[in-house]
Amino acid sequence: METNVLDWLETTAAACPDKPAFLDEDSAVTFADVRREARIIGTAAAKRRAGQKKPIAVMSGRNAHTPAVFLGAVYAGCCYAPMDGTMPVHRLNSILNTLDTDLMIVQRAFYDKAKTLDFSGTILIAEELLEGSEDAALLADCRARARELDPLYIIFTSGSTGTPKGVITAQHSLMCYIEDYAGVMGIAREDVLGNQSPLDYIAAVRDIYLPLRFGATTAIIPKELFMSPERLFEYMNDKGVTAVGWSVSALTVPAALGAFECSVPQHLRKVCFSGSVMPCSCLRQWQLALPEARFVNQYGPTEATASCTYYVVPGLVEDTDVLPIGKPYPHYEVFLLSERNEAVPDGEIGEICVKGPILALGYYNSREKTAESFLQNPLNHAYDERIYKTGDLGHFAPDGNLMFHGRKDRQVKHLGHRVELGEIDLAAAKVPGVEDCCALYDQAHELAVLHRRGRDQARHRRRPARRPAGLYGAAQDRAAGRHAPARQRQDEHARAGRAHHRRGQTLILLILLTSGGILLWNRN
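Calculation rules
- Residues numbered from 1 in each chain as written.
- Predicted model: local features only at pLDDT ≥ 70, side-chain atom pairs only at ≥ 80, totals over all residues.
- Heavy atoms only, no water.
- Helix = DSSP H or I, 4+ residues; strand = E, 2+ residues; numbered from the N terminus.
- Buried < 20%, exposed > 50% of the residue type's maximum accessible area, 1.4 Å probe, protein only.
- Salt bridge = Lys/Arg side-chain N within 4 Å of Asp/Glu carboxyl O.
- Contact = heavy atoms within 4.5 Å.
- Polar contact = N/O pair within 3.5 Å; in protein donor to acceptor, adjacent residues only side chain to side chain.
- 1 Å grid on protein atoms, 1.4 Å probe; cavity = no way out; pocket = protein on both sides within 12 Å on 5 of 7 lines; lining within 4 Å.
- Points joined across faces, edges and corners; volume = space filled by probe spheres on them.
- Pairing = 2+ DSSP bridges.
- Axes fitted to C-alpha atoms, helices over the stretch in contact; angles between N-to-C directions.

Engineer: Please explain the environment of Asp-33 as it appears in this structure.
Structural biologist: Structurally, the position occupied by Asp-33 is in helix H2 (residues 31-49). You can call Asp-33 partly exposed: its relative accessible area is 24%. Taking C-alpha positions, Asp-33 is 8.9 Å from Pro-20, a pair spaced 13 residues apart along the chain.

Engineer: Explanation requested: the pattern of salt bridges in the structure shown.
Structural biologist: Where charged atoms from two side chains of opposite charge approach closely, those side chains can pair. Summed over all chains, the structure comprises 18 salt bridges. Here Arg-407 and Asp-392 are joined by a salt bridge, their closest N and O atoms 2.8 Å apart. Of this pair, Arg-407 sits in strand E21 (residues 402-407) while Asp-392 is found in strand E20 (residues 386-396), placing the two residues 15 residues apart along the sequence. Here the two residues Arg-407 and Asp-392 agree in accessibility, since each one is buried. If you follow the salt bridges from partner to partner, you end up with Glu-10, Arg-35, Arg-39 and Glu-134 in one network.

Engineer: Whenever I open this one, the environment of Lys-389 confuses me. Can you help?
Structural biologist: With respect to the helices and strands, the residue Lys-389 is situated in strand E20. Judged by its relative accessible area of 19%, Lys-389 falls in the buried class. A sequence separation of 34 residues divides Lys-389 from Lys-355, and the C-alpha atoms of the two residues are 9.1 Å apart. Residues contacting Lys-389, with those up to four places away along its chain left out, are Leu-337, Asn-341, Glu-351, Ile-352, Cys-353, Ser-373 and Leu-375. A polar contact of 2.8 Å, which involves the side chain of Lys-389, links it to the side chain of Asn-341.

Engineer: How do you make sense of empty space enclosed by the protein when you look at a structure like this?
Structural biologist: One water molecule sets the probe size; rolling that probe over the atoms shows where empty space is left. Applying the stated criterion across every chain, the model contains four cavities of 30 Å³ or more. The calculated volume of the largest cavity comes to roughly 140 Å³. Lining the largest cavity are 16 residues, with Gly-77, Cys-78, Ala-146, Asp-150 and Pro-151 positioned closest to its centre. Secondary structure elements with two or more residues in the lining of the largest cavity: helix H3 (66-75) and helix H7 (136-144).

Engineer: Which parts of the structure should I look at to understand the sheet that holds strand E9 (residues 192-195)?
Structural biologist: If you trace the nine strands from one edge of the open sheet to the other, you get E2-E1-E10-E9-E11-E12-E13-E14-E15, paired in mixed fashion. Sheet topology places strand E2 (28-30) and strand E15 (327-328) at the edges, where each strand pairs with a single neighbour. Sitting on the sheet, helix H10 (residues 229-239) is in contact with strand E1 (20-23), E9, strand E10 (217-220) and strand E11 (243-247), with an inclination near 145° to E11.

Engineer: Would you explain the side chain of Ser-60 in this entry?
Structural biologist: Structurally, the position occupied by Ser-60 is in strand E3 (residues 56-60). Look at Ser-60 and you get buried, because its relative accessible area is 3%. Setting aside chain neighbours within four positions, we find Ser-60 in contact with Thr-66, Phe-70, Met-83, Asp-84, Gly-85, Gln-107 and Phe-110.

Quick look at the structure:
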């Protein structure tokens, strides 16, 4: 039985050694290359670790050689903490302070930056390590001491609310998720995955580990291409990209820029999206452009190994549709709790909670925060059972699909009434011509500020946008909400606000609470 991601690599490297595992603009790294590089780096790291399983910080770029550096740490019997070398120095220092590690492996391009950090340990340059050789006996000893519940990686959250938290994911948890995701998406050896996210981000685990498990190839797409859809599609067609797991924003930008008028990703057949709400007006454009493709909506926090639910879109959507966030993957169990930590009756709203072998081990070097977020299941009094409370609200529809209701912590008090900013987003999104929007609340002046981007027909003065159901809405309005953990979503809201302030229009809204729900009124 395979209990280590290195089992996947060794098996695949033996089956198709010369097949590209990772591609970027400048290079192609085969499975044999990944294995060789990772084992050499692992040997060097293991000699310095002397059997200790402390994390290894990896400071690298978004390139085809980075996964081998990650895996080098795993060969050494350690977990890795990925750090994008382009991140600000203060964030890198914050991560290193939390890790409290004495070993960092960097790619040469970031060595000078690494020397400026608040780090007193050993810094190894990956390219220089590759001039050495592997020690098979040493690596075998490290492997013999590895266990499937050992930490595999520590990925740090956005830190928008303070010090970044390092989410620790075990080997077994990651392997469960990869198997579940591949089963839903139908990933196979012939697939070419188009990577969009930074390699230190949770979404990238799919692009790193699906090739190891199934022999697929990941093509790392240059980030600048996402603002130039014609070049983006040209790159994807050149690399033969067949499957993507992207953030919603990566899909909305090409659609908003009219990309399909010029070309389409000719080979793309498998599309998964997550991270925030997918506007169905955008999804419909992608469906019409790629009528043979499978589209899957995915939801879940980093603390549950990337995602915990999925929804396979069954057919062509309408612009006003709201997508469910779906049903749990096989290794996951998702349920709802009330504010009193009691079971929620069918059809009612509760906090989305997750349990199963895919839960993170906790937050690194933060027992207090771990205890706050990973709790004993209040519905189980018979034995220890950890759960993670997401802070997201939802309800189960009669067909068993989970519908999203926004965040508990996006709730504000307005004139004595509780108002969900996510509900304002949804109401505004239904106004014709609004392509993207973000509601923020000015507590001092009791004003809702809506940053929005859209076509001219959206610029109706004093035109109310009614949310047709109650404050939390009827089933059809259970918002598509915000499909990401609070930290990620707050960052997205901040970025959206800045972007919309530059490129769109800022509306000062009056929030009118009526028996029919929320009315938004443009005060401009």
